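Spelled out from the first residue to the last, the chains are:
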Amino acid sequence: MTAIFEVQHLYFAYSNHDVLQNMNFALLQGKFYGILGPNGCGKTTLLDILSGYRKVNRGDIMLRGKNINTYPKHELAKIISVVAQQTEIHFPYTVQEIVMMGRYPYIDRFSQPSKTDYDFVYSIMEQTDILSFAHQSVTQLSGGEKQRVLFARAMAQNTDILMLDEATANLDIHYTLTLLDWVSMSRHTKTIIAVMHDINLAARYCTDFLFMKDGKLIHMESVDEILNADYIHEVYDVHAKIYFESFINAKQVVYKR
Amino acid sequence: MFRSTLVMICVFSIILGLIILVSSGLGYISIPPFKVANIILSSIIQGKQAAKDIHSVVILDVRLPRILTSAIVGAGLSLSGTVFQGILLNPLADPYTLGVSAGAAFGAAIGFLIPFSDPVYSVPVFAFLGALCSLFMVIYLSSSDAGLSSNHLILSGIIVTSILSAAISFLKYLANEQVSVIIFWLMGSFVSKTWFEVNLTWITLCIGFMIVFWYARDLNLISLGAKTAVTTGVNTQRVTLILLITASLITAICVSVSGIIGFIGLLVPHMTRWITGPDNRRLIPMSMLFGAILLLCADTITRTVLPHDIPIGVFTALIGGPVFCYIFRQQMTIKN
């Protein structure tokens, strides 16, 4: 497996306080990475940097062997797509228009979408179960429906790397599982990097965890190895018991303070 | 979808042309549209050699400049209204949200009060400078590490506007007998516009439209939030700044020519969105056409129907305000 991201000596600070300090790691193709850690540890900032939304102060981020800053934005959009945390949409675009926006990097500024684009968008909407309201306005959808539309938009970008920033935070259990099932099914073609809060949910789907605390990467290992009581105590300052749950075929965690 | 937009643009361009013809004929001396077309055509073909009877003087030197200026300003205010609503992610933003109008008004008031200068030139120049200064003040106030956020922009706009309003009141207080001139200017008017204003606004509008239309698709993505826009290939920072400055310059030119005309930039994009949907590639050209038609009709009504030539800004606000209330209420009831 080849490294898709190589991060060396990454530092990031907002005007006067440090957010990320000296992070070094490599991410491999075809894995599902979960970025976890307490509130304010810099998870989302790290994702912003990996996705090219923010630039680092110091350090190198190599994407497929080239510095991420050397990619033009429209090229990066063909490699990385992002499902952001709850997005407020103020204008009444139809669901299909939103999903089609994921195709923009492939369509010339003043061209119409081709038949291929329409077919692709159609099949994505079918997979993500939003076809029934394809021509409705997004402003009329519920939070969960809207999040699925935004997820479909990212899928329409058809990128090798998919990033999720707490993308399931406002979905009910049913759609959380459905959405993460879709994501992990696409793992044979995509690398997935997700910021998550729920350790148990992450344990079911991720292959590897990045545990962060105070802007530093503390542990990065496969889910089997990283889920132990010592690590969880170190990161979250809670006592934990880890057990294997055969009902869902995954390790799970229960905690107390 | 794209073809139907083109058809709509053509149809409404023709309608606009017809309205220009008809309204050129209306007024104190009424001239049939056929004769108007004849006069305009012969002046285009023969240039300045065309025969100058009273009708052609009225049409070419008096009415047409005013009519064209009002149509162009209508299109310009609608264009920048659309841009502001798109960038500020707020369907209720308008060209004046960022304090451009207050800046222009302040500049104009200074232009009136400066001794030994001809207000005909000093007022538009100072109005333009005032609009620019307030714009850059607002951008400076709202820029931070994370770039320009729409909330910061709106808030800074309010702050700058309220400071300038106080300054304008102070200038009015100092102005004594000239206060009525300032007040009249602030209410907006197309009276006695010349071909100079037509050319100025037309060139501004054309350049502005080309810039905005180039970024129309990026503006669609910006409405999904900065993160999504950036990771879909838009340089959000740069596009926002370019569009902000372009739209503000268009507004500043319009204001310096015509005074402050409210509600066009707010109402027109809002209503056009019902017809074209929110996709900016359709919305921008259509709202320009609607804006041109609307402001031209409004100006024609004040010019020909109403007993006094009342200020156009007052007229649009008196009509536009209640219409907007109605629309706003309608939308709330539909949503619930």
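This structure is a prediction, so every number in the text was calculated from the model and none was measured.

## Concerning the overall build of chain A
Then, number 1: Within chain A, the secondary structure is distributed over nine helices and 12 strands.
Then, number 2: For chain A, the C-alpha atoms occupy an extent of roughly 55 × 45 × 35 Å along the three principal directions.
Then, number 3: Per-residue burial over chain A gives 50% buried out of 257 residues.
Then, number 4: For chain A, the accessible area works out to roughly 11,800 Å², and carbon and sulfur atoms hold 47% of it.
Then, number 5: Side chains of chain A carry 24 positive and 28 negative charges; the gap between the two charge centres is 3 Å.

## A closer look at the environment of A:Gln85
Residues and elements named next belong to chain A.
Then, number 1: Following the sequence through the fold, Gln-85 ends up in the loop between strand E6 (80-83) and helix H3 (95-101).
Then, number 2: For Gln-85, a relative accessible area of 35% gives the class partly exposed.
Then, number 3: The sequence separation of Gln-85 and Gly-144 amounts to 59 residues, and the corresponding C-alpha distance is 12 Å.
Then, number 4: Within the structure, the side chain of Gln-85 is placed 3.1 Å from the side chain of Glu-166, a separation counted as a polar contact.

## Some thoughts on the sheet that holds strand E10 (residues 216-222) of chain A
Residue and element names in this part refer to chain A.
Then, number 1: With mixed pairing, the six strands of this open sheet are ordered in space as E6-E7-E8-E3-E9-E10. Of all strands in the sheet, those bounded by a partner on one side alone are E6 and E10. The mean inter-strand angle of the sheet, taken between neighbouring strand axes irrespective of direction, is 15 degrees.
Then, number 2: Relative to strand E8 (residues 191-195), strand E7 (residues 161-165) runs parallel, the two sharing five bridges. Residue Leu-162 lies in a different strand from E8, and its bridge partner there is Ile-192.

## Brief notes about the interface of chain B and chain A
Then, number 1: In this assembly, 31 residues from chain B lie in contact with 35 residues from chain A.
Then, number 2: Taken over both partners, the interface formed by chain B and chain A buries close to 3,000 Å², and the fraction arising from carbon and sulfur atoms is 62%.
Then, number 3: If you sort the residues of chain B by the area they bury against chain A, B:Arg217, B:Lys227 and B:Thr231 come out on top, with a joint share of 23%.
Then, number 4: Of the charged contacts in the structure, one is a salt bridge between A:Asp165 and B:Lys227, with a shortest N-O distance of 3.7 Å.
Then, number 5: Here chain B and chain A share 13 residue pairs in polar contact (both at pLDDT 80 or more) between them.
Then, number 6: Of all the secondary structure elements, the ones that give two or more residues to the side of chain B that touches chain A are helix H3 (54-87), helix H8 (195-214), helix H9 (216-222), helix H10 (226-231) and helix H13 (280-305) of chain B.
Then, number 7: When residues of the side of chain B that touches chain A are assigned to their parent elements, the largest contribution, five residues, is made by H10(B).
Then, number 8: Partitioned by chemical class, the residues of the side of chain B that touches chain A number 12 nonpolar, 11 polar and eight charged.

## As for a nonpolar patch on the surface
All names here are of chain B.
Then, number 1: The grouping of Met-137, Tyr-140, Leu-141, Leu-155, Ile-158, Ile-159 and Ile-163 at the surface amounts to a nonpolar patch, some 730 Å² of accessible area in total.
Then, number 2: Among the elements of the structure, helix H5 (119-142) and helix H6 (150-175) are those that each provide at least two residues to the nonpolar patch.
Then, number 3: Residue contributions to the nonpolar patch peak at four residues, all from H6.
Then, number 4: On the secondary structure map, Tyr-140 appears in helix H5.

## So, the packing of helix H1 (residues 2-25) of chain B against helix H2 (residues 33-46) of chain B
Residues and elements named next belong to chain B.
Then, number 1: For the pair H1 and H2, interaxial distance at closest approach is 8 Å and the crossing angle is 105 degrees. It follows that H1 is roughly perpendicular to H2 by the angle criterion. Contacts between H1 and H2 involve Leu-21, Val-22, Ser-24 and Gly-25 on the former and, on the latter, Pro-33, Val-36, Ala-37 and Ile-40.
Then, number 2: Of the residues in the contact of H1 with H2, the class split is six nonpolar, two polar and no charged.

## Considerations on unusual backbone geometry
Then, number 1: The backbone of A:Asp129 sits at a positive phi, close to 65 degrees, despite the residue not being glycine.
Then, number 2: Residue position: A:Asp129 is located in the loop between helix H4 (115-127) and helix H5 (143-156).
Then, number 3: For A:Asp129, a relative accessible area of 44% corresponds to the partly exposed category.
Then, number 4: Despite not being glycine, B:Ser192 has its phi angle at roughly 50 degrees, a positive value.
Then, number 5: Note on placement: B:Ser192 falls in the loop between helix H7 (179-186) and H8.

## Remarks on the pairing of E10(A)
Residues and elements named next belong to chain A.
Then, number 1: Pairing of strand E9 (residues 208-213) with E10 involves six bridges; the strand directions are antiparallel. Residue pairing across strands places Lys-213 opposite Lys-216, the latter belonging to E10.
Then, number 2: Taking the residues that link successive antiparallel strands as the turn, the E9-E10 hairpin has two residues, and the phi of Asp-214 there is positive, at about 50 degrees.

## Here we look at the environment of A:Thr191
Then, number 1: Summarising the element assignment, A:Thr191 is placed in strand E8.
Then, number 2: Spatially, the C-alpha atom of A:Thr191 lies 5.4 Å from that of A:Gln29, the residues being 162 residues apart in sequence.

## Side note on the pairing of strand E4 (residues 58-63) of chain A
All names here are of chain A.
Then, number 1: Pairing analysis gives five bridges linking strand E1 (residues 3-14) to E4, with the strands arranged antiparallel. Within E4, the residue paired with Gln-8 across the bridge is Asp-60.
Then, number 2: By the bridge criterion, two bridges tie E4 to strand E5 (residues 66-67) in an arrangement that is antiparallel. Residue pairing across strands places Met-62 opposite Asn-67, the latter belonging to E5.
Then, number 3: Where E4 folds back onto E5 in an antiparallel hairpin, the turn is made up of two residues, including Arg-64, whose phi is positive at roughly 50 degrees.

## What to know about the pattern of salt bridges
Then, number 1: Enumeration according to the criterion identifies 14 salt bridges over all chains in this entry.
Then, number 2: The residue B:Lys35 makes a salt bridge to B:Asp53 at a minimum N-O spacing of 3.8 Å. Of this pair, B:Lys35 sits in helix H2 while B:Asp53 sits in the loop between H2 and H3, placing them 18 residues apart in sequence.
Then, number 3: By relative accessible area, B:Lys35 is classed as partly exposed at 30%.
Then, number 4: B:Asp53 sits in the partly exposed class, given a relative accessible area of 36%.
Then, number 5: Across the pair B:Asp279 and B:Arg282 runs a salt bridge whose closest N-O atoms are separated by 3.7 Å.
Then, number 6: What emerges from the salt-bridge pattern is a single network uniting A:Asp48, A:Arg54, A:Asp165 and B:Lys227.

## Quick notes on the packing of aromatic side chains
Then, number 1: The full count for this structure, using the stated rule, is eight aromatic pairs over all chains.
Then, number 2: Ring plane angle 15 degrees and centroid distance 5.5 Å describe the contact between A:Phe110 and B:Phe213, whose orientation is recorded as stacked. Of this pair, A:Phe110 sits in the loop between H3 and H4 while B:Phe213 sits in helix H8, which puts the two residues in different chains.
Then, number 3: With relative accessibility at 42%, the residue A:Phe110 sits in the partly exposed group.
Then, number 4: Judged by centre distance (5.9 Å) and plane angle (15 degrees), the ring pair of A:Phe151 and A:Trp182 falls under stacked. One end of the pair, A:Phe151, is in helix H5; the other, A:Trp182, is in helix H6 (residues 173-185), with 31 residues separating them in the sequence.
Then, number 5: What links up through ring pairs into an aromatic cluster is the set A:Phe110, B:Phe209, B:Phe213 and B:Trp214.
Then, number 6: Its guanidinium or amino end placed over the ring of A:Tyr106, A:Arg103 lies 4.4 Å from that ring's centre, counting from NZ or CZ.
Then, number 7: Directly above the aromatic system of A:Tyr104 lies the positively charged group of B:Arg217, at a separation of 4.5 Å from the ring centroid.

What counts and how
- Residues numbered from 1 in each chain as written.
- Chains lettered and ligands numbered in written order.
- Predicted model: local features only at pLDDT ≥ 70, side-chain atom pairs only at ≥ 80, totals over all residues.
- Heavy atoms only, no water.
- Helix = DSSP H or I, 4+ residues; strand = E, 2+ residues; numbered from the N terminus.
- Buried < 20%, exposed > 50% of the residue type's maximum accessible area, 1.4 Å probe, protein only.
- Areas by Shrake-Rupley, 256 points an atom, 1.4 Å probe, with all protein chains shown as cover.
- Lys, Arg positive; Asp, Glu negative; His and termini not counted.
- Charge placed at Lys NZ, Arg CZ, Asp CG, Glu CD.
- Polar contact = N/O pair within 3.5 Å; in protein donor to acceptor, adjacent residues only side chain to side chain.
- Pairing = 2+ DSSP bridges.
- Axes fitted to C-alpha atoms, helices over the stretch in contact; angles between N-to-C directions.
- Contact = heavy atoms within 4.5 Å.
- Buried area = accessible area lost by both parts, 1.4 Å probe.
- Salt bridge = Lys/Arg side-chain N within 4 Å of Asp/Glu carboxyl O.
- Nonpolar A, V, L, I, M, F, W, Y, C, P; charged D, E, K, R; others polar.
- Patch = residues over 30% accessible without salt bridge, like charges linked within 9 Å, V, L, I, M, F, W, Y side chains within 5 Å.
- Parallel < 35°, antiparallel > 145°, perpendicular 65-115°, else oblique.
- Phe/Tyr/Trp six-rings, centres within 6.5 Å; stacked < 30°, edge-to-face > 60°.
- Lys NZ or Arg CZ within 6 Å of the ring centre and 35° of its normal.

Shape descriptors only; they carry no functional weight alone.
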